[in-house]
Amino acid sequence: QVQLVESGGGLVQAGGSLRLSCAASGSIFSINAVAWYRQAPGKQRDLVAAITSGVTTNYADSVKGRFTISRDNAKNTIYLQMNSLKPEDTAVYYCNADILPVHTTRTFNYWGQGTQVTVSS
């Protein structure tokens, strides 16, 4: 079974920083595109940042210049460095990945369980 487990969320004051991690485990052959999404109460889940299997990145306009997505392929881990946090960044953050499991011929899309980020004003 493949699992994604996020960590690093918490409560931070506006202007502060947090670093989220998402560790993939299980019978993984390779990880392709990965992304972070967030969902605030009463709102839809939106894309925050994405990175391809290479180095191409994509960010939501609201986080450009403040958030950085990265990956450590050796550790099967995805990161989201969040700086200059604002109260409107408050949400549950989810990681998402397209993973090719061992002994399969297609990728599957997986979600983590989410981690709460709360930014106080």
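In the block above lies the structure referred to throughout.
Because the structure is predicted, anything quoted here is derived from the model rather than measured.

**Student:** In this structure, what is going on with the state of the cysteines? I would like to understand it.
**Tutor:** Two cysteines, two sulfur atoms, one covalent bond between them: this is a disulfide. Overall, the coordinates contain one disulfide when judged by the stated rule. What pairs with Cys22 in a disulfide is Cys95, and their sulfur atoms sit 2.0 Å apart. Residues Cys22 and Cys95 are joined through a disulfide that is right-handed, its torsion about the S-S bond being 50°. Remark: Cys95 occurs in strand β9 (residues 91–101) and Cys22 occurs in strand β3 (residues 18–25); sequence separation between them is 73 residues.

**Student:** Mind showing me how you'd approach the sheet that holds strand β1 (residues 3–7) here?
**Tutor:** Neighbouring strands of a sheet are bound in pairs by backbone hydrogen bonds; such pairs are parallel or else antiparallel. Strand order in the open sheet formed by four strands is β1-β3-β8-β7, and the pairing between neighbours is antiparallel. Each end of this open sheet is capped by a strand with a single partner; those strands are β1 and β7 (67–72). Going across the sheet, the axis of each strand differs from the next one's by a mean of 15°, ignoring polarity. When β1 meets β3, the two strands line up antiparallel, connected through five bridges. Looking at β3, one finds that Gln3 is bridged to Ser25.

**Student:** Explain the pairing of strand β11 (residues 115–120) here, please?
**Tutor:** A regular strand carries its side chains on alternate faces of the sheet. What you see with β11 is a clean split: Thr115, Val117 and Val119 sit on the buried side and Gln116, Thr118 and Ser120 on the side with no burial. Note: strand β2 (residues 10–13) against β11, four bridges, orientation parallel. Considered in β11, the bridge of Gly10 is made with Val117. As defined by bridge partners, β9 adjoins β11 across three bridges and the pair is classed as antiparallel. Residue pairing in the sheet places Ala91 in a bridge with Val117 of β11.

**Student:** In this structure, what is going on with the pairing of strand β8 (residues 77–82)? I would like to understand it.
**Tutor:** Of all the six residues making up β8, five are buried; the element is thus mostly covered by neighbouring parts of the structure. Here six bridges tie β3 to β8, and the two strands are oriented antiparallel to one another. Across the sheet, residue Ser21 finds its bridge partner in β8, namely Tyr79. Where β7 folds back on β8, the antiparallel hairpin that results is connected by four residues, among which Asn76 adopts a positive phi of roughly 50°.

**Student:** Could you clarify how one ought to interpret the pattern of salt bridges in this entry?
**Tutor:** Proximity of charged atoms lets side chains of opposite charge pair with each other. Applying the stated criterion to the full structure yields three salt bridges. Taking the shortest distance from any N to any O, the salt bridge between Arg38 and Asp89 comes out at 2.9 Å. Of this pair, Arg38 sits in strand β4 (residues 28–39) while Asp89 sits in the loop between β8 and β9, and the two are 51 residues apart along the sequence. What makes Asp89 buried here is its relative accessible area of 0%. A salt bridge links Arg66 to Asp89; the shortest N-O distance between them is 2.8 Å. Placement of the pair is Arg66 in the loop between β6 (57–59) and β7 and Asp89 in the loop between β8 and β9, with a sequence separation of 23 residues. Each of Arg38, Arg66 and Asp89 takes part in one network of salt bridges that share partners.

Rules and cut-offs
Residues numbered from 1 in each chain as written. Predicted model: local features only at pLDDT ≥ 70, side-chain atom pairs only at ≥ 80, totals over all residues. Heavy atoms only, no water. Disulfide = S-S within 2.5 Å. Helix = DSSP H or I, 4+ residues; strand = E, 2+ residues; numbered from the N terminus. Pairing = 2+ DSSP bridges. Axes fitted to C-alpha atoms, helices over the stretch in contact; angles between N-to-C directions. Buried < 20%, exposed > 50% of the residue type's maximum accessible area, 1.4 Å probe, protein only. Salt bridge = Lys/Arg side-chain N within 4 Å of Asp/Glu carboxyl O.

Keep in mind these values describe shape, not function.
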